[in-house]
Amino acid sequence: MRFGLCKENRYIRKVEPNTSTMKKLLLILGVLIGPAFSMAQSQFNCGFEEARRQAIAKDPSILEREREFRENLIRATLEEQTQGVYKNNQRIIVPIVFHIIHNNGVENIADKQVYDQMRILNEDFNKLNADTALVIPPYRPIIAKCGFEFRLATRDEAGRCTNGIDRIRSQKTYNGNDRSKLNSWFANRYLNVWVVNTIGAQGVAGYAYQPPTVGSTLFFVDGIIILHDYIGSIGTSNPNSSRALTHEIGHYLGLAHPWGNTNEPGVACGDDGVEDTPVTKGFTSCSNRFVYGCSITQFTTLGAIYRFDSVTTASGTTEPPYNPNNAGGLFDPARAKAVGVGGNSTVAGAFAFSGWGTGGETASGDTTFANLSGTQDPSKYYEVKFTPLNRTIMKMNQMTFMAARTNDGPRTFAVRSSLDNYQTNLNIIKTSLRMSRRGGNVAFYRRDTASTAFIDTVIFNLGTGLQQLYFPSSVTFRIYAWNSESDAGVFGIDRLSINSGDFGVIENVENFMDYAYCSKFFTNGQKLLMTTALNSATAQRNNLWTAANLDSTGTADPYVVGGTVCSLKPEFFANQDFSCSGINDQVKFVDNTSNGRVVSRQWTFPDGTPSSTTDSVKTVVFSTPGYKNVTLTVTNANGAQFTVTKPFFVSYPDAAYTVPYTESFENNQFNDWLNSNFLNEGAMWSVTNNVASTGNRAIKLTNYGVGLDRDFVVSPSIHFPSFTSSHQLTFKYAAATTTTQAADLSDSLRVYFSTDCGNTWINNGATSTMNLTGSTLFSGGSWNNPFTPSPSNWRTATFTLPNSVTGKNVRLRFRYSGGDYSNNVYIDDINISSTTGMEDVLGAGWDVFPNPSSESFVLTIPTFQANGSLTIVSIDGKIISEQSLNGMQGQVELKWPAGTARGAYFLKVSTAQGQFFKRLMKN
């Protein structure tokens with residue numbers, strides 16, 4: 001008997017063909033450009049587009065270089081795919097140098113932290129990192145072994161011996177950007193890496209310029225700048241941050257973020273132009289490594305996957321080749337099979353086979369389910385198999401197909417899956433009116449008449465086991481039929497589809513170029529693009545690994561890390577800028593020698609305790625004031641000695657000045673101030689002639705064209721008498737900038753004070769911090785040339801110091817922090833005034849007579865007084881005389897010190913009962 005075939009209209013999903021390499025590479029437009037920033041500790045963070053915008057504003061020719069680079073990259077990549085120019089075993093050696101920009105802080109990382117980073121780089125770029133075994137199965141087949149080896153240079157630009165680690169002391173470590181890229185080595189010979197404390201953009205951990213951006217104008221800043229706590233996995237860093245440099249080198253070699261031309265993961269789906277990295281949003285965590293939200297497709301849009309159009313009455317038990325609706329090749333619905341039944345379908349265009357096994361009262365056509373005696377035969381079934389392709393993940397919830405039977409065909413059928421090795425029938429959600437569900441998982445034809453067409457629909461629940469079916473796994477479904485009235489009875493299916501669920505390409509969460517903290521690999525496509533960039537003349541990346549360059553940088557074979565013994569670069573620093581003698585002021589000196597391993601050392605500390613040591617770190621106390629020429633001599637493995645001597649300033653413990661204090665720099669008093677230019681950088685404070693608020697002299701920070709620096713100047717010791725209760729600081733200042741944009745104003749002038757010889761500096765006044773910023777600071781506005789103030793440009797700053805500022809060794813520090821648009825700064829007419837706030841009265845039982853007096857006066861002391869001190873202080877706070885009151889009582893005659901001038905003084909009595917004051921007059 002023939003079946004009447006009822007074909008429904010197909011649901012057609014418009015599926016774009018696989019993107020060609022050319023089309024994919026065209027997506028690099030705007031991707032292989034500009035600096036690509038990455039990574040703060042909790043998550044990566046970038047400033048990609050803003051930095052590119054600024055670079056193009058300065059050099060519009062970048063746009064043309066980007067276009068040429070894209071064209072060359074496409075051409076070279078296509079050539080590689082057709083001719084295999086870059087062999088799989090190609091080995092590329094890249095010389096590298098680390099510039100440690102530091103101010104003797106935690107950013108001055110140890111050599112071993114750099115060596116650890118080198119280990120990580122060479123593992124990551126050669127598939128030697130152990131965590132590749134943890135990559136999700138869909139991506140394991142395309143993990144790239146790039147064949148890149150990074151080696152620390154053993155010769156610098158001039159051919160001198162080096163260990164590839166260059167240490168530079170600079171305040172620029174605190175605001176890292178292109179101006180912090182000090183001592184750049186030729187970018188066509190070395191990969192420069194600058195390590196800093198802080199990068200200017202908030203939350204940014206590093207950035208790299210991509211090849212077409214650098215050109216000629218940015219050639220000397222080509223390389224990578226990165227935070228110290230993202231170098232290696234030890235020291236100031238940790239394993240969680242150790243892949244940041246791998247990421248940045250990816251940018252340096254032309255890669256974009258997987259989501260494309262933004263620095264904002266998780267915002268919008270995008271593409272990076274690499275064939276085997278899918279469209280993605282990007283991630284900042286690894287909570288789900290099987291996400292596929294950017295390419296998700298509902299199975300309901302596919303319609304019938306199996307229509308059996310190619311089946312004929314002579315095509316056998318395996319469905320002939322056909323063109324299934326399979327979402328453009330993202331999954332494979334394998335050809336259907338008929339197993340254990342007849343040799344051919346009884347009709348064309350469907351799977352309709354006989355031979356299912358009999359059961360029940362076949363002669364009467366019994367429609368009672370309980371009377372059926374046949375059992376489900378595991379050897380007789382139709383089979384369909386689904387396999388995700390191209391790193392696709394699938395979720396299948398429901399299967400639907402149309403069923404039909406001849407009037408003597410099977411009355412019962414069920415579906416099982418390979419997920420439990422075909423042990424359990426799947427639940428039925430819905431059947432047609434001609435059927436009923438038995439036990440919830442068996443379909444039963446309850447009518448004896450034949451189905452004249454495929455109009456009986458049945459829907460099966462595929463269960464929760466298929467909620468994560470990903471490439472290269474698969475699932476097979478088998479449809480079993482039994483209880484046929486005759487062995488010639490036919491059971492058929494048509495238009496089988498997955499009509500609930502979804503699928504899509506798994507996004508590449510574990511890629512080194514993503515922001516998720518589970519980075520483990522590059523893909524083969526990314527390797528191809530990076531190799532192409534290294535073979536490109538753009539930014540002369542192709543010169544890095546030439547035989548001549550490897551020889552000149554000392555990175556050619558044979559190469560042994562640390563195998564060369566170089567001349568050492570002796571250096572040391574102290575934990576404070578100056579010390580005070582006579583107050584047990586402890587100064588810690590630290591050996592900061594670079595360019596190799598120190599085998600032995602010898603320190604010399606004139607007038608210090610100890611006077612010498614061989615330790616790498618030593619605490620010293622100096623006994624006398626003045627400049628001390630501290631010497632460090634170090635010895636390398638070859639026995640060669642290298643020496644450095646630097647002056648260290650030891651101050652007098654007692655104040656040279658007292659409140660009230662004024663400084664107009666008219667009489668060379670600046671010689672008493674301590675200048676901060678120990679870094680030997682471009683900006684420093686100095687006295688200027690014929691430019692002042694009053695008089696002819698002021699101090700000036702020559703900061704035009706320098707910027708991104710921190711320079712301070714420290715006052716001499718100033719005595720703040722303890723009987724003064726409040727102090728007001730005023731000074732005149734003038735400053736300018738080179739920008740007209742308020743958003744670009746990042747400079748600041750901050751005032752600090754110290755009461756412990758500079759060991760601790762405090763910026764808080766009595767009411768607020770003592771800072772000048774923004775338009776308040778820039779009294780001169782915007783200047784395109786070096787700023788020289790006119791009288792109208794001078795402003796007065798006023799700050800009230802806390803009452804706690806007392807003692808003989810108070811110092812002020814003026815610190816200027818420059819930005820990208822700094823100009824000259826001036827300070828003049830510093831003034832500190834005070835009020836006494838003391839009561840002109842002695843305690844009960846105390847008295848002074850005569851008052852006024854000429855040679856001496858009598859002090860009456862209560863009989864209960866046992867201990868204390870007596871001080872005579874001038875109105876301006878200078879101490880005239882001091883003596884102990886211990887054991888004194890009754891009337892004691894006190895003489896004025898010889899040479900005491902006539903005038904007003906204060907008598908200060910300090911006892912256990914408190915402090916008392918009395919105004920005295922000297923005739």
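Just so it is clear, the model here is predicted, and its values are computed rather than measured.

A. The overall build of the protein, seen in detail. For the protein, the helix and strand inventory stands at 9 helices and 49 strands. About 37,500 Å² of surface is accessible on the protein, with carbon and sulfur atoms providing 48% of the total.

B. Quick peek at the sheet that holds strand 44 (residues 856-861). Overall, antiparallel pairing links the 3 strands, which are arranged 43-44-47 in an open sheet. The sheet is open, and its two borders are formed by strand 43 (847-849) and strand 47 (890-895), each paired with just one other strand. Pairwise comparison of adjacent strand axes, ignoring direction, gives a mean angle of 25° for this sheet. Relative to strand 47, strand 44 runs antiparallel, the two being bridged by 6 bridges. Note on strand 47: the bridge partner recorded for Leu 859 is Val 892.

C. Local environment of the packing of aromatic side chains. Here the structure, examined in full by the defined rule, presents 50 aromatic pairs. Arranged with centres 6.5 Å apart and planes meeting at 45°, the rings of Phe 331 and Phe 386 form a pair that is tilted. Taken together, the residues Phe 331 in strand 9 (residues 331-339) and Phe 386 in strand 11 (residues 381-388) connect sequence positions 55 residues apart. Accessibility classification places Phe 331 together with Phe 386 in one group, the buried group.

D. Local environment of the sheet that holds strand 13 (residues 410-417). The sheet built from 6 strands is open, its strands ordered 9-11-19-13-16-15 with antiparallel pairing. Lying at the two open borders of the sheet, with one neighbouring strand each, are strand 9 and strand 15 (435-438). Averaged over all pairs of adjacent strands, the angle between strand axes in this sheet comes to 20°, irrespective of strand direction. Pairing of strand 13 with strand 19 (residues 475-484) involves 7 bridges; the strand directions are antiparallel. Each residue of the ladder has a partner; that of Phe 413, found in strand 19, is Ala 481.

E. Summary view of the state of the cysteines. Under the definition given, this model contains 4 disulfides. Note on cysteine connectivity: Cys 269 is disulfide-linked to Cys 294, with sulfurs 2.0 Å apart. Handedness of the Cys 269-Cys 294 disulfide follows from its S-S torsion of about -90°: it is left-handed. In this pair, Cys 269 is assigned in the loop between helix 6 (244-252) and strand 8 (297-298) and Cys 294 in the loop between helix 6 and strand 8, connecting sequence segments 25 residues apart. Look at Cys 269 and you get partly exposed, because its relative accessible area is 39%.

F. Spotlight on helix 4 (residues 111-124). Taking 1.5 Å per residue, 14 residues should reach 20 Å; helix 4 reaches 20 Å between its end C-alpha atoms and fits that length. Here helix 4 lies mainly inside the structure; 10 of its 14 residues are buried. Taken together, the buried positions of helix 4 are Asp 111, Gln 113, Val 114, Asp 116, Gln 117, Met 118, Ile 120, Leu 121, Asn 122 and Asp 124. For helix 4, the secondary structure elements touched by its buried residues are strand 2 (92-102), strand 3 (148-152), strand 4 (165-169) and helix 6.

G. Focus on the side chain of Gln 576. Note that Gln 576 resides in the loop between strand 21 (572-574) and strand 22 (578-580). A distance of 3.2 Å separates a polar atom in the side chain of Gln 576 from a polar atom in the side chain of Asn 759. Non-local contacts of Gln 576, meaning those with residues more than four positions away in its chain, are made with Asp 585, Gln 586, Val 587, Phe 648 and Asn 759.

H. Expanded view of the pattern of salt bridges. In this structure the tally under the stated criterion is 23 salt bridges. Linking Asp 124 and Arg 243 is a salt bridge whose minimum nitrogen-to-oxygen distance equals 3.0 Å. Note that Asp 124 is positioned in helix 4 and Arg 243 in the loop between strand 7 (224-227) and helix 6, a separation of 119 residues in sequence. Classification of Arg 243 as buried rests on a relative accessible area of 16%. Arg 405 is the partner of Glu 485 in a salt bridge, and the nearest nitrogen-oxygen pair spans 3.7 Å. Here the residue Glu 485 occupies a position in the loop between strand 19 and strand 20 (490-505), and Arg 405 occupies one in strand 12 (residues 392-405), the gap between them amounting to 80 residues. Judged by relative accessible area, which is 13%, Glu 485 ranks as buried. Taking the relative accessible area as the measure of exposure, Arg 405 reaches 0% and is therefore buried. The network of salt bridges with shared partners includes Arg 91, Glu 149, Arg 151 and Asp 557.

I. Quick peek at unusual backbone geometry. Following Asp 557, the chain continues to Pro 558 via a peptide bond in cis, the omega torsion being -5°. The omega angle of the peptide bond from Phe 849 to Pro 850 is -15°, so this bond is cis rather than trans. We note that Lys 127 has phi near 55°; this positive angle belongs to a residue other than glycine. Position of Lys 127 relative to the elements: it lies in the loop between helix 4 and strand 3. Judged by its relative accessible area of 36%, Lys 127 is partly exposed. One non-glycine residue with positive phi stands out, namely Asn 690, at about 65°.

What counts and how
- Residues numbered from 1 in each chain as written.
- Predicted model: local features only at pLDDT ≥ 70, side-chain atom pairs only at ≥ 80, totals over all residues.
- Heavy atoms only, no water.
- Helix = DSSP H or I, 4+ residues; strand = E, 2+ residues; numbered from the N terminus.
- Areas by Shrake-Rupley, 256 points an atom, 1.4 Å probe, with all protein chains shown as cover.
- Pairing = 2+ DSSP bridges.
- Axes fitted to C-alpha atoms, helices over the stretch in contact; angles between N-to-C directions.
- Phe/Tyr/Trp six-rings, centres within 6.5 Å; stacked < 30°, edge-to-face > 60°.
- Buried < 20%, exposed > 50% of the residue type's maximum accessible area, 1.4 Å probe, protein only.
- Disulfide = S-S within 2.5 Å.
- Expected span 1.5 Å × (residues − 1).
- Contact = heavy atoms within 4.5 Å.
- Polar contact = N/O pair within 3.5 Å; in protein donor to acceptor, adjacent residues only side chain to side chain.
- Salt bridge = Lys/Arg side-chain N within 4 Å of Asp/Glu carboxyl O.

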